[in-house]
Amino acid sequence: MPKQSNTTFICQSCSYQSRKWLGKCPECGEWNSLVEERVVSVKKGAGRNNFRMREAQAVPYTEIESQDDVRISSGVTEFDRVLGGGIVPGTLVLLGGDPGIGKSTLLLQVADKLSASGAVVLYVSGEESERQIKLRGERLGVQAPNLLLLPETNLENIFREIERLKPAAIIVDSIQTTFSSEIESAPGSISQIREVAAQFLLLAKTRGTPVFLIGHVTKEGSIAGPRALEHIVDTVLYFEGDTHSSFRLVRAIKNRFGAVNEIGVFAMTERGLKGVANPSAIFLSTHGDPVAGSCVLVTLEGTRPMLVEIQALVDSGGPSPRRLSVGLERDRLAMMLAVLHRHAGIACFDQDVFVNAVGGVRISEPAADLAVMLAIQSSLRGKPLPRGFIAFGEVGLAGEVRPAPRGQERLREAAKLGFSVAVVPKANAPKRPIEGLTIHTVERIEQAIDLARSL
Ligand code: TYD
Ligand code: MG
């Protein structure tokens, strides 16, 4: 009898397993994502690390201490904000982002600030040598004597050092380069990533040490094995932003200890990342006079309202016109064009339509709909919206304009920044007038379009 093969094909996106190779993953629908990996059943206790959980015992709910008061400040205010108000002990955080966006920089700065108080912080790097990290550190003005660098990729060796040093915080740069010798598949494969993350989770929980894992984003825009990792870790943070502009956003897309979609705003400078405490107006471009195809949106990112300019360009297209969006969902754009046609009589079927959220910010909330549609109609007509104009509101398929959460806050922020005219959903009308802001409320998209034309 032939020896049974001990390799299996694993989807690198959702970790679906199959005995034979498949072109398309039946679980998540991804193409070409199945990779052959060797599976080794791990012998119980054999050479594994010592971070085993205590034997479980049920505890009365009322006797469990609340964790919120024990958050530690990372020393970087904007980073604390995305984490939900500081670092929770024993938490496992995944920080993802494109290469070169600033992941190593941010966590080196955090490590520096954390260790300034005397705590030992271990920075494990499989990506760069000590000298390279030192070089970066010199630019950042890092001087921490308690910051220890470990250029190592082997998980068992890393754990041995952790056992010896007992650091107060651990940074792993990156999860893709770290591998366990217990698993035979290649570093960076889904089995390795999952094993490494699971081991660090166990370590974080048993020792109460916060662990930060840096993860690269694959070209498809997700951390390799995203679903497999996102449910293991406590918090998932993503770097966003345009590498060409100096602004960087760090967004919490999952947080067991805080609000999701909370963002931290940074500017990349010569000396590292600097927090931007008041980011409301950085995503506006500076036009002297109002231009056609531009509409300012007040978006609510986490707990902070922010003003973002939405730009649209509608131009006569060829036989198959293009719809392109940057920073906004493309499917949603197609839907909005259909709503504009059906309910407001604005036809773009023979036009190329491009929309862009200025500054590389990604907008996921539907409250952007109204601003996008007004920008499109403004570009199509070649007529700018009035000076100091803002809009927000979700638009439904039936053409109705639905309220956005926390409308008053958005309006107040716009007024504070000197905006003077607003078109908002009826249900977002403030109870008392807001000084300096003329507010028009609408219930339907055609009403909003008519209003914008008459202003
Ligand atoms: P880095 O943190 O190495 O990116 P990642 O770890 O996400 O791949 O950041 C690299 C970029 O940041 C690089 O293009 C140089 C720039 N940078 C600055 O502009 N100022 C600085 O002080 C530092 C350290 C980096
Ligand atoms: Mg790096």
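Above this text sits the structure in question.
To keep things clear, this report deals only with the structure shown in the data block.

The rules we used
Residues numbered from 1 in each chain as written. Chains lettered and ligands numbered in written order. Predicted model: local features only at pLDDT ≥ 70, side-chain atom pairs only at ≥ 80, totals over all residues. Heavy atoms only, no water. Helix = DSSP H or I, 4+ residues; strand = E, 2+ residues; numbered from the N terminus. Expected span 1.5 Å × (residues − 1). Buried < 20%, exposed > 50% of the residue type's maximum accessible area, 1.4 Å probe, protein only. Arc of directions from axis to C-beta. Pairing = 2+ DSSP bridges.

### Points about unusual backbone geometry
Here is step 1: That bond from D173 to S174 is cis: its omega, 5°, falls within 30 degrees of zero.
Here is step 2: Here S174 shows up in the loop between strand 7 (169–173) and helix 5 (190–207).
Here is step 3: Despite not being glycine, N261 shows a phi value in the positive range, around 70°.
Here is step 4: Mapped onto the elements, N261 comes out in the loop between strand 10 (247–255) and strand 11 (263–269).
Here is step 5: Unlike most non-glycine residues, R406 shows phi in positive territory, near 55°.
Here is step 6: As for its placement among the helices and strands, R406 is situated in the loop between strand 19 (401–402) and helix 9 (407–416).

### Focus on helix 7 (residues 330–344)
Here is step 1: With 15 residues, helix 7 should reach 21 Å at 1.5 Å per residue; the first-to-last C-alpha distance of 20 Å fits that figure.
Here is step 2: Among the residues of helix 7, L333, M336, L337, V339, L340 and A344 are the ones counted as buried. Each buried residue of helix 7 sits inside an arc of 165° when the element is viewed along its axis, so together they form one side. Looking at helix 7, the residues exposed on the side facing more than 90 degrees away from the buried face are D331 and R342.
Here is step 3: Positioned one or two residues after helix 7, G345 has a phi angle of 70°, which is positive.

### Here we look at the pairing of strand 20 (residues 421–425)
Here is step 1: Judged by how many residues are buried, strand 20 sits mostly within the fold: five of five residues are covered.
Here is step 2: Of the strand pairs in this sheet, strand 17 (residues 389–391) and strand 20 are connected by three bridges, and their pairing is parallel. Paired with I390 across the strands is A422, a residue of strand 20.
Here is step 3: Here five bridges tie strand 20 to strand 21 (residues 438–442), and the two strands are oriented parallel to one another. Counterpart to V424 in the pairing with strand 21 is T441.

Remember that the coordinates give geometry; whether it matters functionally is a separate question.
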